[in-house]
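# Residue-level structural notes
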Amino acid sequence: MTQAEQDGWAVVTVAGEMDLTSSPAVRQKVHDAVADGRRSVVLDLSGVRFCDSSGVGVLIGARRLMRSCAGRLRIVLPEHGEPGTVGGAHVNRVLAALGVRRLFDVYPDLGAATDDAARPLSA
């Protein structure tokens, strides 16, 4: 997991798994960004190949936190993983299956997510 800045957005990039073990670190990165005064956060999940209920809980919690501070949360989830990978597509399926995909502003790539003129993908 890494944290960077791009075009005024705090970008938290997560790869691998968002599960009971790794989810607290993702939650902390979002909280740290808000504590540092950041109100525009992108979670780049394009490299996440597995997400369980704790990962979904972190996403919902991040959305709630950003809304409570009048912030913006965008998520990078390609509709289909890159050729030869499953990154992002799994998370898309999990969120859709749980009926919470529509709660998030989802973008196909980091460039679109940090572009204020870009529109999110439809749910």
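Just above sits the structure.
Reference entry: report on the structure contained in this document. (Residues numbered from 1 in each chain as written. Predicted model: local features only at pLDDT ≥ 70, side-chain atom pairs only at ≥ 80, totals over all residues. Heavy atoms only, no water.)

### A look at the packing of helix H1 (residues 23-35) against helix H2 (residues 53-68)
Contact pair H1 / H2: the axes reach a minimum separation of 9 Å and the direction vectors enclose 10°. One finds that H1 runs roughly parallel with respect to H2. Here H1 contributes Ser-23, Val-26, Arg-27, Val-30, His-31 and Val-34 to the contact with H2, which in turn contributes Ser-54, Gly-55, Val-58, Ala-62, Leu-65 and Met-66. Its residues assigned to classes, the contact of H1 with H2 shows seven nonpolar, four polar and one charged. (Axes fitted to C-alpha atoms, helices over the stretch in contact; angles between N-to-C directions. Helix = DSSP H or I, 4+ residues; strand = E, 2+ residues; numbered from the N terminus. Parallel < 35°, antiparallel > 145°, perpendicular 65-115°, else oblique. Contact = heavy atoms within 4.5 Å. Nonpolar A, V, L, I, M, F, W, Y, C, P; charged D, E, K, R; others polar.)

### Points about the pattern of salt bridges
Under the criterion given, the structure shown has three salt bridges. Notably, a salt bridge pairs Glu-5 with Arg-38, separated by 3.0 Å at the nearest N-O pair. Of the two residues, Glu-5 is situated in strand E1 (residues 2-6) and Arg-38 in the loop between H1 and strand E3 (40-51); the sequence distance between them amounts to 33 residues. For Arg-49, the salt bridge identified is with Glu-17, shortest N-O distance 3.9 Å. Here Arg-49, found in strand E3, pairs with Glu-17, found in strand E2 (residues 9-18); they are 32 residues apart in sequence, far enough to count as distant. By relative accessible area, Arg-49 is classed as partly exposed at 46%. (Salt bridge = Lys/Arg side-chain N within 4 Å of Asp/Glu carboxyl O. Buried < 20%, exposed > 50% of the residue type's maximum accessible area, 1.4 Å probe, protein only.)

### Some details on the layout of surface pockets
Of the pockets and cavities examined, the largest pocket occupies roughly 170 Å³. Listed by contribution, the elements that provide at least two residues to the lining of the largest pocket are H2 and strand E4 (72-76). When the residues that make up the lining of the largest pocket are grouped by side-chain class, the tally is four nonpolar, one polar and five charged. (1 Å grid on protein atoms, 1.4 Å probe; cavity = no way out; pocket = protein on both sides within 12 Å on 5 of 7 lines; lining within 4 Å. Points joined across faces, edges and corners; volume = space filled by probe spheres on them.)

### Points about the nonpolar core
Core analysis: the biggest nonpolar cluster contains 28 residues, and Met-18, Leu-43, Leu-45, Leu-59, Val-91, Leu-95 and Phe-104 have the highest contact counts within it. If you tally residues by element for this core, the top one is H2, at six residues. The residues touching Leu-43, leaving out its near neighbours within four places in the chain, are Val-12, Val-26, Val-30, Leu-59, Ala-62, Leu-73, Arg-74, Ile-75 and Val-76. If you look at the next biggest cluster of nonpolar residues, it comprises eight residues, including Trp-9, Val-76, Tyr-107 and Ala-118. (Core = buried A, V, L, I, M, F, W, Y, C linked by side-chain atoms within 4.5 Å.)

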